Amino acid sequence: MELEGASGWSRNAQSGASRTKKLVSKADLELIALQEIRHVPGGELVISVEIEHGDVEPDGLNWRLLVIAKDGADLDRLQYAATTTSHRLKRRYQLAMQGGSSAGG
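One numbering rule holds for all chains: residues counted from 1, following each sequence as written. The predicted nature of this model means local features are confined to residues of pLDDT at least 70 and side-chain atom pairs, given and counted, to a pLDDT of 80 or more, with totals for whole chains, interfaces and linings taken over all residues. Side-chain measures here rest on the full set of heavy atoms in the structure, leaving out hydrogens and waters.

Q: Please give an account of helix 1 (residues 26-37) that cites residues and values.
A: We count a stretch as a helix when DSSP gives it H or I for four or more residues in a row; a strand needs E for two or more, and each element gets its number in order from the N terminus. The span expected for a helix works out to 1.5 Å for each residue beyond the first. With 12 residues, helix 1 extends 16 Å from end C-alpha to end C-alpha; this agrees with the ideal 16 Å at 1.5 Å per step. Each residue is assigned to one of three classes by its accessible area relative to the maximum for its type, calculated with a 1.4 Å probe on protein chains only: buried under 20%, partly exposed between the two thresholds, exposed over 50%. Among the residues of helix 1, those classed as buried are Leu29, Glu30, Ile32, Ala33, Leu34, Glu36 and Ile37. Only heavy atoms enter the contact rule, under which two residues are in contact if any of them lie within 4.5 Å. Looking at the packing, one finds that the buried side of helix 1 touches strand 1 (22-24), strand 2 (46-53), strand 3 (63-69), helix 2 (75-92) and strand 4 (93-95).

Okay, here's the thing in structure tokens:
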């Protein structure tokens with residue numbers, strides 16, 4: 001949780017329109033998402049998190065989380081964790097889209 005009180009922000013100033021989003025790489029966003037999902041009860045069974053993004057709207061917001069977990073994980077709980085985590089991260093971060101060709105490598 002971030003508190004901006006020391007810098008003079010009011011609680012009302014924390015709306016999405018008044019905050020700028022931090023630009024992050026795909027790898028960094030995957031790591032942040034993994035750390036947040038592992039804090040959810042049952043999240044310790046998550047092996048990895050991947051970002052899948054569409055090419056339709058290259059605004060850095062058209063992405064979703066793919067969660068890979070060990071056998072025995074509560075899939076409903078992890079689905080909820082992935083959904084809420086992606087919503088939270090989309091409010092704070094913008095995915096840095098790589099320029100150039102779409103070929104890997």
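Here the narrative resumes.
Q: Report on the nonpolar core, specifying residues and quantitative values.
A: Nonpolar side chains in soluble globular proteins generally cluster together in the buried interior. The nonpolar core is taken to be a set of buried Ala, Val, Leu, Ile, Met, Phe, Trp, Tyr and Cys residues, with the residues joined through side-chain atoms within 4.5 Å. Among the nonpolar cores identified, the biggest contains 18 residues, and Leu29, Ile37, Val49, Trp63, Leu65 and Leu89 are the most heavily contacted of them. Among the elements of the structure, helix 1, strand 2, strand 3, helix 2 and strand 4 are those that each provide at least two residues to this core. If you tally residues by element for this core, the top one is helix 1, at five residues. If near-sequence neighbours (up to four positions away) are discounted, Trp63 is found in contact with Leu29, Ile51, Glu52, His53, Ser86, Leu89, Lys90 and Leu95.

Q: Got a sec to walk through the packing of helix 1 against helix 2? Specific residues and values, please.
A: Axis lines are fitted to C-alpha atoms, over the contacting stretch for helices. Their N-to-C directions set the angle, which ranges from 0 to 180 degrees. Taken N-terminus to C-terminus, the directions of helix 1 and helix 2 make an angle of 130°; their axes are 10 Å apart at the nearest point. On the basis of the axis angle, helix 1 is oblique to helix 2. You can see that helix 1 and helix 2 cross each other, and the crossing is right-handed. Residues Leu29, Ile32, Ala33, Glu36 and Ile37 of helix 1 form the contact with helix 2, whose participating residues are Leu78, Ala81, Ala82, Thr85, Arg88, Leu89 and Arg92. Among the residues making up the contact of helix 1 with helix 2, the classes are represented as eight nonpolar, one polar and three charged. Roughly parallel means an angle under 35 degrees; roughly antiparallel, over 145; roughly perpendicular, 65 to 115; everything else is oblique. Put simply, a crossing is left-handed when the front helix is turned counterclockwise from the back one by less than a right angle, and right-handed when it is turned clockwise. Residue polarity is assigned by list, with Asp, Glu, Lys and Arg as charged and Ala, Val, Leu, Ile, Met, Phe, Trp, Tyr, Cys and Pro as nonpolar; anything else, Gly included, falls into the polar class.

Q: Residue-level account of the pattern of salt bridges, with values.
A: In what follows, salt bridge is the name for a side-chain nitrogen of Lys or Arg lying within 4 Å of a carboxyl oxygen of Asp or Glu. By the definition in use, this model includes four salt bridges. Of the charged contacts, one joins Arg77 and Asp74 as a salt bridge, the two residues approaching to 4.0 Å between their closest N and O atoms. With relative accessibility at 41%, the residue Asp74 sits in the partly exposed group. Each member of the salt-bridge network shares a partner with another, and the members are Glu36, Arg88 and Arg92.

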